[in-house]
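For reference, the chains in residue letters:
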Amino acid sequence: MTNQELIEKIKTIKEAQPGNLMARHFDAAYFLSLDEHSRQRLVRIIASGIENPDSQMGAYAMNPQDYDQFATMLDPMIRDSHGIPADIEIAPQNDWDTGGTACDLGAIDERLKDVSMRVRVARNVSTFPLPGAMSREQRVAFESVAAQAFTKLIEDPEFGGQYLSTTPGSPHEIDEDEYEHRVKAHQMFKDMSADPYLNVAGISADWPHGRGMYVSRDEDFLVWVGEEDHLRIMAMQHGGNLNVLFERLRAGLETLTGLLPPFATSPTYGNVTSCPTNLGAGMRASLHMKLPGLTSHGSDLTRLKQEAKKLGLSVRGAGGEHSGAGKDGLVDISPSARLGVTEMEIMQRLYDGAAALWAME
Ligand code: ADP
Ligand code: MG
């Protein structure tokens, strides 16, 4: 495709898909002002949004430096996505102190004492390209680095557990049945090669090489290796006390951080992630809640999505992004914001939002 053809194609997408942020913020003059090498790099970053016009973001970074080097295009996309005006400075903010706030859903209603809670953060190390630009060798090499760190976690009585790999021939390799079982249990990630967005971005390349998951003895602390980011670090529990869940993640993240190469960060955005929607805290805190009233037993998410949006929450299906609601209107709700908010603010928004939706239900 010539430059002119590409520019025309993106213009057509912009008209047909106004929600595609890549197309909305693509500027032909900027694109043409870049040298040939930079143009090719930018095309790789935005390829997913070109090949998948229905994308919401439409871009994935290939290297942490992309956020600086292509800031002219990416910064307006990031601000648009996160709702941060151009004249407001973005400064990374962190606050993990659960001391001052009690976020116990069980105190609102007995029936919220035993919901499924999950909170994850996305992290990438600075010693490898981001997943969209990794070679197979790099994916497997990164997995070894991570597996080494997990060996230490496994020896630690606070964690224990095991590492499970999908890499053919790995000493930790699991079979198809075990993999499927872990996906159904909402622990392991889905087959990435079935995801058209990740495919075009190169993030799912070489599947299932260099992919795996650490799971603690109590199955309440888990780490994905080689999904959309190098690492997705999470705490998962049944219960209602979000403070306990957060504390588990905070402690696990701290221990793991000490065992790994430094994470990739940006002075502007904080934690660097493949998808610009995850920049900053990189955190998604979610509850699986049964909301049959607000979803007409799961058949229609329109009303729930509307109400959730007013509360700053996103709604996903029971199987994660791009899935439908489960039995009895089982859905995944989580605060939408990741950037310009602290970890504690995310937890507070989940708690307040869940309480409000529950009252409506
Ligand atoms: P993310 O992109 O935040 O890592 P996904 O939407 O890809 O999450 O979902 C990953 C997996 O986590 C899916 O199996 C999903 O059902 C599961 N999951 C998400 N939130 C919860 C929760 N609160 N309880 C149990 N499983 C959850
Ligand atoms: Mg995901």
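All of these numbers come straight from a predicted model, not from anything done at the bench.

## Details of the overall build of the protein chain
Working step 1: Secondary structure assignment for the protein chain yields 13 helices and ten strands.
Working step 2: Its C-alpha atoms give the protein chain a radius of gyration of 20 Å, within 12% of the compact-globule value 21 Å for 361 residues.
Working step 3: Residues counted as buried form 53% of the 361 residues belonging to the protein chain.
Working step 4: Nonlocal contacts in the protein chain, meaning residues at least 24 apart in sequence, comprise 71% of its contacts between residues at least 6 apart.
Working step 5: Surface exposure of the protein chain reaches about 15,700 Å², of which carbon and sulfur atoms provide 50%.
Working step 6: For the protein chain, the distance from the average site of its 34 positive side-chain charges to the average site of its 51 negative ones is 3 Å.

## Structural notes on the environment of Gln162
Working step 1: In this structure, Gln162 sits in strand E2 (residues 162-165).
Working step 2: Here Gln162 falls in the partly exposed class, since its relative accessible area comes to 37%.
Working step 3: Between the C-alpha atom of Gln162 and that of Glu176, which follows or precedes it by 14 residues, the distance is 17 Å.

## Here's the deal with the environment of Arg250
Working step 1: The topology assignment puts Arg250 in helix H10 (residues 242-257).
Working step 2: Here the alpha-carbon distance between Arg250 and Ser266, two residues 16 residues apart in the chain, equals 21 Å.

## Concerning the site of ligand 1
Working step 1: Near ligand 1 lie 18 residues; those nearest to it are Ser116, Arg120, Arg284, Ser286 and Arg316.
Working step 2: Protein chains shield 93% of the accessible area of ligand 1, which is 570 Å² for the free molecule.
Working step 3: When residues of the shell around ligand 1 are traced back to their parent elements, those giving at least two are strand E1 (115-123), strand E5 (231-239) and strand E8 (283-290).
Working step 4: Per-class residue counts for the shell around ligand 1 are five nonpolar, six polar and seven charged.

## Brief notes about the pairing of strand E10 (residues 330-335)
Working step 1: Taking burial as the measure, the six residues of E10 include five buried ones, the bulk of the element.
Working step 2: In the sheet, strand E9 (residues 313-316) pairs with E10 via four bridges, with the strands oriented antiparallel. When the bridges of E10 are listed, Val315 appears paired with Ile333.

## Concerning the side chain of Thr98
Working step 1: Here Thr98 shows up in the loop between helix H6 (71-82) and E1.
Working step 2: Thr98 gets classed as buried once you look at its relative accessible area, which sits at 12%.
Working step 3: Not counting residues up to four positions away in its chain, the partners in contact with Thr98 are Asn243, Phe246, Glu247, Met344 and Met347.

## With respect to unusual backbone geometry
Working step 1: Of note, the bond from Trp207 into Pro208 is cis; its omega dihedral lies within 30 degrees of zero at 5 degrees.
Working step 2: Note that Pro208 resides in the loop between helix H9 (196-201) and strand E3 (212-215).
Working step 3: Phi at His297 is positive, roughly 60 degrees, even though this residue is not glycine.
Working step 4: Counting through the fold element by element, His297 comes out in the loop between helix H11 (292-295) and helix H12 (302-310).

## Regarding the pairing of strand E4 (residues 221-225)
Working step 1: Burial analysis of E4 places five of its five residues in the buried class, which makes it a mostly covered element.
Working step 2: With burial as the criterion, each face of E4 is covered, one bearing Phe221, Val223 and Val225 and the other bearing Leu222 and Trp224.
Working step 3: Relative to E4, E3 runs antiparallel, the two sharing four bridges. Across the sheet, residue Val215 finds its bridge partner in E4, namely Leu222.
Working step 4: In textbook terms, the turn of a hairpin is the stretch between consecutive antiparallel strands, and for E3 and E4 this stretch comprises five residues, one of which, Glu219, has a positive phi near 55 degrees.
Working step 5: With five bridges connecting them, E4 and E5 associate as antiparallel partners. Bridge pairing in E5 links Val225 to Leu231.
Working step 6: Counting the residues between successive antiparallel strands, the hairpin from E4 to E5 contains five residues, one of them, Gly226, with a positive phi of roughly 80 degrees.

## Quick word on a negative patch on the surface
Working step 1: A grouping of Glu173, Asp175, Glu176, Asp177, Glu180 and Asp191 is seen on the molecular surface, where their side chains present a negatively charged patch.
Working step 2: Within the element layout of this structure, Asp177 appears in helix H8 (residues 176-184).

## What to know about the environment of Arg284
Working step 1: Here Arg284 is to be found in strand E8.
Working step 2: The class for Arg284 is buried, based on a relative accessible area of 3%.
Working step 3: C-alpha of Arg284 to C-alpha of Ala122: the two residues are 162 residues apart in sequence and 8.7 Å apart in space.
Working step 4: Beyond its immediate chain neighbours, meaning those up to four positions away, Arg284 contacts Arg118, Val119, Arg120, Arg316, Asp332, Ser334 and Arg338.
Working step 5: Among the polar contacts made by the side chain of Arg284, one reaches the side chain of Asp332 at a distance of 2.9 Å.
Working step 6: Here the side chain of Arg284 touches Ser334 through a polar contact of 3.0 Å, side chain to side chain.

Reading the values: rules and limits
Residues numbered from 1 in each chain as written. Chains lettered and ligands numbered in written order. Predicted model: local features only at pLDDT ≥ 70, side-chain atom pairs only at ≥ 80, totals over all residues. Heavy atoms only, no water. Helix = DSSP H or I, 4+ residues; strand = E, 2+ residues; numbered from the N terminus. Rg over C-alpha atoms; globule rule 2.2 N^0.38 Å. Buried < 20%, exposed > 50% of the residue type's maximum accessible area, 1.4 Å probe, protein only. Contact = heavy atoms within 4.5 Å. Areas by Shrake-Rupley, 256 points an atom, 1.4 Å probe, with all protein chains shown as cover. Lys, Arg positive; Asp, Glu negative; His and termini not counted. Charge placed at Lys NZ, Arg CZ, Asp CG, Glu CD. Near = heavy atom within 4 Å. Nonpolar A, V, L, I, M, F, W, Y, C, P; charged D, E, K, R; others polar. Pairing = 2+ DSSP bridges. Patch = residues over 30% accessible without salt bridge, like charges linked within 9 Å, V, L, I, M, F, W, Y side chains within 5 Å. Salt bridge = Lys/Arg side-chain N within 4 Å of Asp/Glu carboxyl O. Polar contact = N/O pair within 3.5 Å; in protein donor to acceptor, adjacent residues only side chain to side chain.

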